[in-house]
Amino acid sequence: MSKNIRELFQLALESIDTNTTQEIEYVFFIKLDTNALTILEENAYHTEEQEQWEHHVSRPDGKKVTVRVRAVDDKKYILCSKLNLPNELGKQEVELPTTKEMFEHFKVFSNTGTRKKRFKLKAEGGLVWEVDVYVDRYGSLHPWAKVDLEVPNKETPIPPFPFDFDRSEAILTQPKKRSKEEMDKVDALFNEYNLSAYHCA
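Report follows, based on the coordinates. A quick note: this is a predicted structure, and the numbers were derived from the prediction, not measured.

1. Quick word on the sheet that holds strand E7 (residues 112-122)
Reasoning step 1: One open sheet accounts for nine strands, arranged E1-E6-E5-E4-E3-E7-E8-E9-E2; its pairing is antiparallel. In this open sheet, the two edge strands, each paired with only one partner strand, are strand E1 (21-23) and strand E2 (25-31). Each adjacent strand pair in this sheet contributes to an overall mean axis angle of 30°, direction not counted.
Reasoning step 2: Relative to strand E3 (residues 46-58), helix H3 (residues 100-109) is tilted by about 50°, and along the sheet it contacts E3, strand E4 (64-72) and strand E5 (76-84).
Reasoning step 3: Running at roughly 120° to strand E9 (residues 141-150), helix H4 (residues 180-193) makes contact with E2, E7, strand E8 (128-135) and E9 of the sheet.

2. Concerning the pattern of salt bridges
Reasoning step 1: Following the criterion strictly, the structure yields 14 salt bridges and no others.
Reasoning step 2: The partner of lysine 31 in a salt bridge is glutamate 169, and the shortest N-O contact between them spans 3.8 Å. Pair noted here: lysine 31 is in strand E2 and glutamate 169 is in the loop between E9 and H4, with a separation of 138 residues, a long-range link.
Reasoning step 3: One connected set of salt bridges, linked through shared partners, spans Lys116, Arg118, Lys120, Glu130 and Asp132.

3. Here we look at unusual backbone geometry
Reasoning step 1: For aspartate 73, which is not glycine, the phi torsion reads 55° and is therefore positive.
Reasoning step 2: Among the structural elements, aspartate 73 can be located in the loop between E4 and E5.
Reasoning step 3: The residue aspartate 74 is not glycine, and still its phi comes out positive at about 55°.
Reasoning step 4: Tracing the backbone shows aspartate 74 in the loop between E4 and E5.
Reasoning step 5: For aspartate 74, a relative accessible area of 54% gives the class exposed.

Cut-off values and rules
- Residues numbered from 1 in each chain as written.
- Predicted model: local features only at pLDDT ≥ 70, side-chain atom pairs only at ≥ 80, totals over all residues.
- Heavy atoms only, no water.
- Pairing = 2+ DSSP bridges.
- Helix = DSSP H or I, 4+ residues; strand = E, 2+ residues; numbered from the N terminus.
- Axes fitted to C-alpha atoms, helices over the stretch in contact; angles between N-to-C directions.
- Contact = heavy atoms within 4.5 Å.
- Salt bridge = Lys/Arg side-chain N within 4 Å of Asp/Glu carboxyl O.
- Buried < 20%, exposed > 50% of the residue type's maximum accessible area, 1.4 Å probe, protein only.

Function cannot be inferred from these measures alone, as they are strictly geometric.
Dropping the structure here:
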């Protein structure tokens, strides 16, 4: 049975009471060169193709929620909600398995969609680098990658990056501390990643 957007948000938000994990994650944007792409291909212990569609809601009290559906290798489908509270470190995250039918319905009312190849590389301290290389609206790999590192607590040191890059071009500042120029750059990147300009529901 299909669910409309109100029911979908309600399902995700109700799940927060019992299935919530607290996500503390560093997010970086790095311009890759040919050598970095080679390192990713050769050293990743896991790679997967992802397509995801999402919807965002911001409330007057400062709470922000993102609800998305992701297809992994077109075989596994995951519904996820992320709740960002203004005075809380990290985000509350809920993940639930869903179906291909829900994924296809979600695309119809989503305002943002992306396709990407995710590379997972082992990091010091048992951590994992997740490097997302996006497919742009012309079907080519975008040179700017999003690099995530999830940590168990804020005292965890950031390990060395898995490849060299030009730090003068990278965005290493975290979201709440980025300058307007950095925020504008990230917005511009996601506009280039975004599939909505040409996708057909």
